[in-house]
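If you want the building blocks of each chain, they are given just below.
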Amino acid sequence: MSLAKLSVSVLAVAAVSATAAVAQSRDNVQVAGSSTVLPYASIVAEAFGENFDFPTPVVESGGSSTGLRRFCEGVGENTIDIANSSRSIRESEIATCAENGVTDIIEVRFGYDGIVFASDINGPSFAFTQSDWYLALAANLPVDGAMVPNPNTSWDQVRADLPAQDIAAYIPGTRHGTREVFDENVILQGCEDSGAMAAMMEMGMDEDAAEEACMELRADGVSTDIDGDYTETLARITANPEGIGVFGLAFYENNTDRLQVATMAGVEPTVANIASGTYPVSRPLFFYIKAAHIGVIPGLKEYASFFVSDDIAGPFGPLAAYGLVADPELAEVQATVANEVTMGGM
């Protein structure tokens, strides 16, 4: 992204903020976390470094949970300034932050992304429901009043009109925020839709026990946790063309020469369908700012303001071009950053 492409309003912020740096031993913003948010944050960091008189922020991946753990380690130049996350911060993480002196946290929701199910472009096409994924990946299924090990090994055993292809699922590992959304919006929803959860409760399980049983996934090699980013998932599908991977919409849209996407509950995962709420598996994306570092780490607030500006995070900005669904309440998000509104501070 070049200087010429930025609007006058954004450049005005850059001109004013160039004088705002204060003396400290670290002069660059440090960011870590979600692999889903990584490409968006990298686009912003590169443009920020090109157009502002601050060093380019350092953006690392590692997963939402890893980023938030590092974020909550404490306050000071040896800790990161921002955690990227594809899920909202948990109460337990807020408590850990507080124990370590991180008490003022600014939550920034910068847009939305869909979770898609994609396979090799040369393979058969799939039209999934959440029930299909539950019946394919659950460790145990209720059958005739008892829980039995999942016998399904091919997709046509899950549902007769699915392709006769071995089940080989590559799903995000538990440290990724995408996994939490997958577990709740796909596996748990599929358990409910299929009638399995009701059957478990008829067997005597309470709701909590039934939910836990619903989301226990098989460990027999049919489902593989991917602890790396989406490039690792893509590599697994390249190695095994019968595999189906869970990706963010943006990653899929940037790899349509290699992947084809499945529908979910009859809906195609498009920006329009995610923005309208029609596509059933979508989630907001966040980054969290350590408010105590604002005014200490040069460029921190300027980077955050730049990230959520209309020119960057709006519907015609570079993040939307990459695949982000712009937040319809972006003006409110911008105000949150501008006024440094911390969680619980409204």
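Residues numbered from 1 in each chain as written. Predicted model: local features only at pLDDT ≥ 70, side-chain atom pairs only at ≥ 80, totals over all residues. Heavy atoms only, no water.

**Q** Where do I start with the overall build of the protein in this structure?
**A** Counting its secondary structure elements, the protein contains 16 helices and 14 strands. Its C-alpha atoms give the protein a radius of gyration of 22 Å, near enough to 20 Å, the size a compact globule of 346 residues would have. The principal-axis extents of the C-alpha atoms in the protein amount to approximately 70 × 45 × 35 Å. Taking all 346 residues of the protein together, 50% fall into the buried category. Of the accessible surface of the protein, which amounts to about 14300 Å², a share of 50% is contributed by carbon and sulfur atoms. Of the side chains in the protein, 16 bear a positive and 48 a negative charge, and the two mean positions are spaced by 6 Å. (Helix = DSSP H or I, 4+ residues; strand = E, 2+ residues; numbered from the N terminus. Rg over C-alpha atoms; globule rule 2.2 N^0.38 Å. Buried < 20%, exposed > 50% of the residue type's maximum accessible area, 1.4 Å probe, protein only. Areas by Shrake-Rupley, 256 points an atom, 1.4 Å probe, with all protein chains shown as cover. Lys, Arg positive; Asp, Glu negative; His and termini not counted. Charge placed at Lys NZ, Arg CZ, Asp CG, Glu CD.)

**Q** Just to check I follow, could you spell out a negative patch on the surface for this structure?
**A** Together, Glu192, Asp193, Asp206, Glu207, Asp208, Glu212 and Glu216 make up a negatively charged patch on the protein surface. Every element with two or more residues in the negative patch is listed here: α7 (177-193) and α9 (207-214). Looking at which element gives the most residues to the negative patch, the answer is α9, with three residues. (Patch = residues over 30% accessible without salt bridge, like charges linked within 9 Å, V, L, I, M, F, W, Y side chains within 5 Å. Salt bridge = Lys/Arg side-chain N within 4 Å of Asp/Glu carboxyl O.)

**Q** Where do I start with the environment of Ala198 in this structure?
**A** Mapping Ala198 onto the fold places it in helix α8 (residues 196-202). Taking the relative accessible area as the measure of exposure, Ala198 reaches 43% and is therefore partly exposed. For the pair formed by Ala198 and Ala313, sequence separation is 115 residues and the distance between their alpha carbons is 42 Å.

**Q** Sorry, what's going on with the state of the cysteines here?
**A** Each disulfide consists of one covalent bond between the sulfur atoms belonging to two cysteines. For the structure on display, the rule yields two disulfides. What pairs with Cys72 in a disulfide is Cys97, and their sulfur atoms sit 1.9 Å apart. With the S-S dihedral at roughly -75°, the linkage between Cys72 and Cys97 falls on the left-handed side. Within this pair, whereas Cys72 is found in the loop between α3 (64-71) and β3 (82-85), its partner Cys97 is found in helix α4 (residues 91-99), the two being separated by 25 residues in sequence. Note on Cys72: relative accessible area 2%, which makes it buried. The exposure class assigned to Cys97 is buried, which follows from its relative accessible area of 0%. Residue Cys191 pairs covalently with Cys214 via a disulfide, S to S 2.0 Å. On the S-S bond that ties Cys191 to Cys214, the torsion sits near -55°, and the link is left-handed. Of this pair, Cys191 sits in helix α7 while Cys214 sits in helix α9, and the two are 23 residues apart along the sequence. A relative accessible area of 0% places Cys191 in the buried class. Residue Cys214 is classed as buried on the basis of its relative accessible area of 0%. (Disulfide = S-S within 2.5 Å.)

**Q** Is there a simple way to think about the pattern of salt bridges in this case?
**A** When their charged atoms lie close together, side chains carrying opposite charge are able to pair. Within the structure shown, the criterion is met by 16 salt bridges. The closest approach of N and O atoms between Glu329 and Arg109, which form a salt bridge, is 3.1 Å. With Glu329 in the loop between β14 (325-326) and α16 (330-338) and Arg109 in strand β4 (residues 105-120), the pair connects residues that are 220 residues apart, well separated along the chain. A relative accessible area of 39% places Glu329 in the partly exposed class. Among the residues examined, Arg109 registers a relative accessible area of 22% and is labelled partly exposed. A cluster of three or more residues bridged by salt bridges with shared partners is formed by Arg87, Arg90, Glu93 and Glu180.

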